[in-house]
Amino acid sequence: MPNAGRARPARCRTRTSRRTGPRASAARPRRVRRAWGCGWPWLRRSYAARRAAAWLVRDRRLPDRDVRRAARVGAAPGRLVRDMAKQQGLTPQSTDFSAWYNELVYKADLVDLGPVRGAFVIRPYGYALWEHIQRELDTMFKATGHENLSFPMLIPMSYFQREAQHVEGFSPELAVVTHAGGQELDEPLAIRPTSETIIGELYAKWVQSYRDLPLLYNQWCNVVRWEMRTRPFLRTTEFLWQEGHTAHADEEEARAETRQMLDVYATFAEQFAAVPVIRGEKTEGERFAGAVQTLTIEAMMRDGKALQSGTSHYLGTNFAKAFGITFNDVHNQQAFAHTTSWGLSTRMIGAIIMSHGDDAGLVMPPKLAPHQIVIVPIARGNDEDAKALVGAEVDRIAAELRTAGVRVKVDDRDGMSPGWKFNEWERKGVPLRVELGPKDLAAGTALVKDRLADDKTAVPLSGLVEFLVEGLGGFHERLFQRALDFRAARMREVHSYDELVEQVESGFAIATHCGDPASEAAIQEATKATVRCIPLDGVPAEGSVCVHTGRPSGYPVKVVFAKAY
RNA sequence: CGGGGCGUAGCGCAGCCUGGUAGCGCACCUGCUUUGGGAGCAGGGGGUCGGAGGUUCGAAUCCUCUCGCCCCGACCA
């Protein structure tokens, strides 16, 4: 059917008048639109359109082009802004952080919705980020003596019942397979929400002697937890992670392992993701189900909320007792192994997005960025010579950068204006962009745009590669420093309950707490904030009293209160 | 599970009140002109209106049932 209406030839159109071609002539007498659809509403629409255009231009809400287009449509101003923001732009971070995040993960091509609630597809650009996270972490795991292995995804339900705390903690979020091969199973199988149980079962088999210890293993896998509410990367039904599981002959060694892996996470977060973190211990209420001690790294997002970005657990002999991980020690005495587990998930991607992103979109930390540098060649399509010259130079630069170990993307796509590409790569957070066109070639320079800077720098082609390589290193430092400064501005010690209530509205509050779970719960009830952690290198609490109950501190240091994801 | 909203083209929406067999923007395809901050013109393709019943000559529109999704509250890396 011809789209004859598109040009909107007549203002007072009727359905019949818009139709041409065979269908229209096919004799079906079409009812003329109701009178009001053709009379004053047009005037109203026109008025609204003109008013919208003026308003939008005045407030610089939209580029002229969009306004003109909108005027043609005759959309109402408010709706127009919303729709345009949805389709082309991005809700500014400062306007609505949550909306900003939700839009960005789709518009930066990180995720897409899967058919099952809360199960997201990670698209290539998002997965590339995950691959770099994996690669760096895996290297660090290997360097600390760990080996990778793979355990099955299906776990007999009975395994969960063996550790009382563990089953209580995970039962509500288990997904369970009850049928297979066309029959109901004798024993239902849980899809792993974490693998302590099945690994415990096997460790019991593998460990006989103190000579078999320690066991230092890790697996990269997916897990499923049936959460009530889901958000891309932050809380999803299925997610990717690594889970390390180790077994040791004594408590001291196991605790040292727990701490070592926490430090690995912290180092990774700060030196690779440029995300500053607070290392600390979880309170009893926030502890992993079945653990003796849970250590965490907590990062501050740009809305002042905390995100637990990695955890390391000392499990004591809880799982050893539940699964019979015993060994004969040097004195031929039978003993239970001390186990640990530690995990970091695709939630880290959420941490990166919310630690660094701004109104224009993502800002990728260079060491993990899928593309560290993007080069946009600029040339008129009808000027083959210029195109070829620019193309050759761009290829040369890209090749040199690759030789220097830089992940570089040449965006030579046809049919898109340079401006469109600039916006796209900024939204996707590429740290550095190189623009090269005929004018630059003539001047012997290239324009370099830094994702954190407002202006562009003309750099001589002769020193371009060195400039860029150095720029990436500097970028990481500036990004990390910016995040540190942001956190410093939003984190402070508080000395009264009122101060705490106010502080957690915008950031982290460092406060003395008595450690009473009831008090913690009451504070959460009133403020939505919880104790994120008891910092490992915190402010000594001696001499101060709990800001909530006035009782003595329950911990050696002041604790971190914040709202959390 | 409680409260609120929504299912119409790939995406965002209008049309529904007042029934007459579907439209707008973006995206997509073709051609030409373009390309230094989201290009223009022209032509074009694409929808069993979430599903099932019902009312009616006729249902995206009215009625009944149903499925699904999103947002806000109680759980979590």
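Residues numbered from 1 in each chain as written. Chains lettered and ligands numbered in written order. Predicted model: local features only at pLDDT ≥ 70, side-chain atom pairs only at ≥ 80, totals over all residues. Heavy atoms only, no water.

Participant: Is there a simple way to explain unusual backbone geometry in this structure?
Facilitator: The bulk of non-glycine residues show a negative phi, and the bulk of peptide bonds are trans. Note the cis peptide between Leu 213 and Pro 214, where omega equals -5 degrees. Mapped onto the elements of the fold, Pro 214 is located in the loop between helix H10 (196-206) and strand S7 (215-224). With a phi angle near 70 degrees, Phe 233 is a residue other than glycine that sits in the positive phi range. Locating Phe 233 in the fold gives a position in the loop between S7 and strand S8 (238-248). Residue classification places Phe 233 among the buried positions, given a relative accessible area of 5%. (Helix = DSSP H or I, 4+ residues; strand = E, 2+ residues; numbered from the N terminus. Buried < 20%, exposed > 50% of the residue type's maximum accessible area, 1.4 Å probe, protein only.)

Participant: Help me understand the confidence of the model for chain A in this model?
Facilitator: Overall, the prediction assigns chain A a mean pLDDT of 84, with 84% of residues at 70 or greater. Below a pLDDT of 50 lies the segment residues 1-86, which in the model reaches 53 contacts outside its immediate sequence neighbourhood of four places, other chains included. Taken together, the chains of this predicted complex give a pTM of 0.85 and an interface ipTM of 0.86. (pLDDT = per-residue confidence, 0-100. Contact = heavy atoms within 4.5 Å.)

Participant: How do you make sense of the sheet that holds strand S15 (residues 373-377) when you look at a structure like this?
Facilitator: Two modes of strand pairing occur in sheets, parallel and antiparallel, and in both the strands are linked by backbone hydrogen bonds. Reading across from one edge, S16-S15-S17-S18-S19 is the order of the five strands in this open sheet, with mixed pairing throughout. Bordering the open sheet on either side are strand S16 (408-410) and strand S19 (456-460), each of which pairs with just one other strand. Within the sheet, the average angular offset between the axes of one strand and its neighbour, ignoring direction, is 25 degrees. Direction of pairing for S15 relative to S16: parallel, over a ladder of three bridges. Residue pairing for S16: Ile 375 is matched across the bridge by Val 410. (Pairing = 2+ DSSP bridges. Axes fitted to C-alpha atoms, helices over the stretch in contact; angles between N-to-C directions.)

Participant: Just to check I follow, could you spell out the packing of aromatic side chains for this structure?
Facilitator: Aromatic rings considered in pairs are described by the distance between their centres and by the relative angle of their planes. Applying the stated criterion across every chain, the model contains 13 aromatic pairs. Relative to Trp 100, the ring of Phe 97 lies with its centre 5.2 Å away and its plane at 40 degrees, an arrangement referred to as tilted. Of this pair, Phe 97 and Trp 100 both sit in helix H6 (residues 97-107), three residues apart, roughly one helical turn. Per residue, the accessibility class of Phe 97 equals that of Trp 100, and both read buried. With a centroid separation of 6.5 Å and an interplanar angle of 75 degrees, the aromatic rings of Phe 141 and Tyr 265 are classed as edge-to-face. Of this pair, Phe 141 sits in helix H7 (residues 124-143) while Tyr 265 sits in helix H11 (residues 251-271), and the two are 124 residues apart along the sequence. (Phe/Tyr/Trp six-rings, centres within 6.5 Å; stacked < 30°, edge-to-face > 60°.)

Participant: Hey, could you run me through the pairing of strand S22 (residues 530-535) in this one?
Facilitator: Consecutive residues of a regular strand have side chains that alternate between opposite faces of the sheet. The element S22 is extensively covered by neighbouring structure, given that six of its six residues are classed as buried. Inspection of the sheet shows strand S9 (residues 277-281) paired to S22 by two bridges, in the antiparallel sense. Bridging from a neighbouring strand, Glu 281 pairs with Ile 534 of S22. Sheet topology places S22 next to strand S23 (residues 559-562); three bridges connect them, and they run antiparallel. Residue pairing in the sheet places Val 531 in a bridge with Phe 561 of S23.

Participant: Explain the pairing of strand S14 (residues 338-345) here, please?
Facilitator: Within S14, eight of the eight residues are buried, which leaves the element mostly enclosed by the surrounding structure. Residues His 338, Thr 340, Trp 342 and Leu 344 point to one face of S14 and Thr 339, Ser 341, Gly 343 and Ser 345 to the other, with burial holding for every one of them. Pairing of S8 with S14 involves eight bridges; the strand directions are antiparallel. Its bridge partner being in S14, His 248 is matched across the sheet by His 338. For strand S11 (residues 306-316) and S14, the ladder comprises five bridges, and the chain directions are antiparallel. Directly across from Tyr 314, in S14, lies its bridge partner Thr 340.

Participant: Would you take a moment to explain the pattern of salt bridges for this structure?
Facilitator: For side chains of opposite charge, pairing can occur when their charged atoms come near one another. Inspection of every chain in the model, using the stated rule, returns 26 salt bridges. The partner of Lys 282 in a salt bridge is Glu 298, with the nearest N and O atoms 2.8 Å apart. Note that Lys 282 is positioned in the loop between S9 and strand S10 (293-300) and Glu 298 in strand S10, a separation of 16 residues in sequence. Lys 282 sits in the buried class, given a relative accessible area of 1%. The closest approach of N and O atoms between Arg 492 and Glu 499, which form a salt bridge, is 3.1 Å. A relative accessible area of 33% means that Arg 492 is categorised as partly exposed. (Salt bridge = Lys/Arg side-chain N within 4 Å of Asp/Glu carboxyl O.)

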